[in-house]
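Listed below are the residues making up each chain.
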Amino acid sequence: MISTVVWGTGNVGRAAIRAVDAHPALRLTGVLVHDPAKIGRDAGRLAGLGRDLGVGATDDIGDVLDARPAAVVYAASGDIRPDDALADIVRALRAGAVVVTPALYTLYDPRNAPPQIREPVLAAIAEGGGSLFVSGIDPGWGNDVLPLLISGLGSTVDMIRCQEIFDYSTYDQPDSVRYLVGMGQPMDYQPPMLAPSVPTMVWGGQIRLMARALGVELDEIRETLDRRALDVTVATTSMGEFAAGTQGAVRFEVQGIVEGQPRLVVEHVTRIHPSCAPDWPTPADGGAGAHRVIIEGHPRIEVTVEATDEDGNRSAGGNATAVGRLVGAIDWLVAAKPGLYDALDIPLRPAVGKLGRKHS
């Protein structure tokens, strides 16, 4: 059994604890938390399993890493604390662990990552003998392996479009929703996530991965952005009111330009309420969220993935599938040589040993 630590117990960490517990090759040996109120609580309770797993949460990073776990699922946020996340991950790599995480989006495509991020990671891998695999929580597989797999079913391919369509009122991250993305802010507010070049910084790596896999050269990567205001004040269950006239919906594209045309597109359509921007793409069943891949070509292929978790929540379902990709890579990474890996390196992992398996 591969001793595995989950670092963080928020939206991603809860799903990670459940995924590690369910994996036949992994054994949960530690859970790291920041919130003092969570210290000492059992991992199973923190993950919403309704029972104990016999692993108490702690904030003692040194003690956990000194035990030399084989793997770490780094589930703490990197959106608003990228330097701290990088330092944490480097520390785990120096301890010899295989690390999987969605936190460092600049390492979706490690070949083109900034040197100030790539070099400390490579140095830590050389020192400790660990490995790192970063894949997005948006979810990463929806912008790399899934579209690439589907593209192989066609005779010709004109364009690949990867969509995330989401109702952000179901997303349990109020600060990210209100301030990072700008929902509920005046229309003249500049959300950090939507500032020019930032979408490319986050999702450009996935565009480059697809281009590399398809054997095409990118002319450039472009961005488009549209924002809509709420017509009326709306109330949400988890995040309170969002006032009329404030930002209620965002639509942007990160486009890989090939021979002058947008051929590879990652598109996000997010709303705080279904009434905002009703003319934009919506989930086929009218639900709170979906991930869709569209292959324009012969034949035209469209695949929609609707995942739910935590009592039917689609935001939680998307997190769980992204975490499943990361946690499912651990045993492969442990068997592979130390290194910095990307989504094209990690093979698709069937649910070997999981069919019919329940949480232990």
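Cut-offs applied
- Residues numbered from 1 in each chain as written.
- Predicted model: local features only at pLDDT ≥ 70, side-chain atom pairs only at ≥ 80, totals over all residues.
- Heavy atoms only, no water.
- Pairing = 2+ DSSP bridges.
- Helix = DSSP H or I, 4+ residues; strand = E, 2+ residues; numbered from the N terminus.
- Expected span 1.5 Å × (residues − 1).
- Buried < 20%, exposed > 50% of the residue type's maximum accessible area, 1.4 Å probe, protein only.
- Salt bridge = Lys/Arg side-chain N within 4 Å of Asp/Glu carboxyl O.

Sheet analysis places strand S13 (residues 289-298) next to strand S14 (residues 301-305), joined by five bridges and oriented antiparallel. Across the sheet, the residue bridging to valine 293 is valine 303, located in S14. Hairpin connection, S13 to S14: the antiparallel pair is bridged by two residues.

This brings us to unusual backbone geometry. Backbone torsion omega between aspartate 138 and proline 139 reads -10°, so that peptide bond is classified as cis. Position of proline 139 relative to the elements: it lies in the loop between strand S6 (131-134) and helix H6 (145-151). A cis amide bond links histidine 298 to the next residue, proline 299, at an omega of -5°. Along the polypeptide, proline 299 turns up in the loop between S13 and S14. Of note, arginine 68 is a non-glycine position whose phi angle comes to about 60°, a positive value.

Helix length check: helix H1 (residues 11-22) (twelve residues) gives 17 Å between terminal C-alpha atoms against 16 Å at 1.5 Å per residue, within 8%. For H1, the buried fraction is high: eleven of the twelve residues fall into the buried class. If you check which residues of H1 are buried, you get Asn11, Val12, Gly13, Arg14, Ala15, Ala16, Ile17, Arg18, Ala19, Val20 and Asp21.

On to the pattern of salt bridges. Applying the stated rule across the entire model yields 17 salt bridges. Close ionic contact of arginine 161 with glutamate 267 constitutes a salt bridge, the shortest N to O distance being 2.9 Å. Here the residue arginine 161 occupies a position in strand S7 (residues 156-167), and glutamate 267 occupies one in strand S12 (residues 261-271), the gap between them amounting to 106 residues. Under the relative-accessibility criterion, arginine 161 is labelled buried at 15%. As a salt-bridge pair, arginine 222 and glutamate 220 come within 2.9 Å of each other at their nearest N and O atoms. One salt-bridge network, held together by shared partners, links Asp109, Arg208, Arg212 and Asp342.

Structural measurements only, silent on function.
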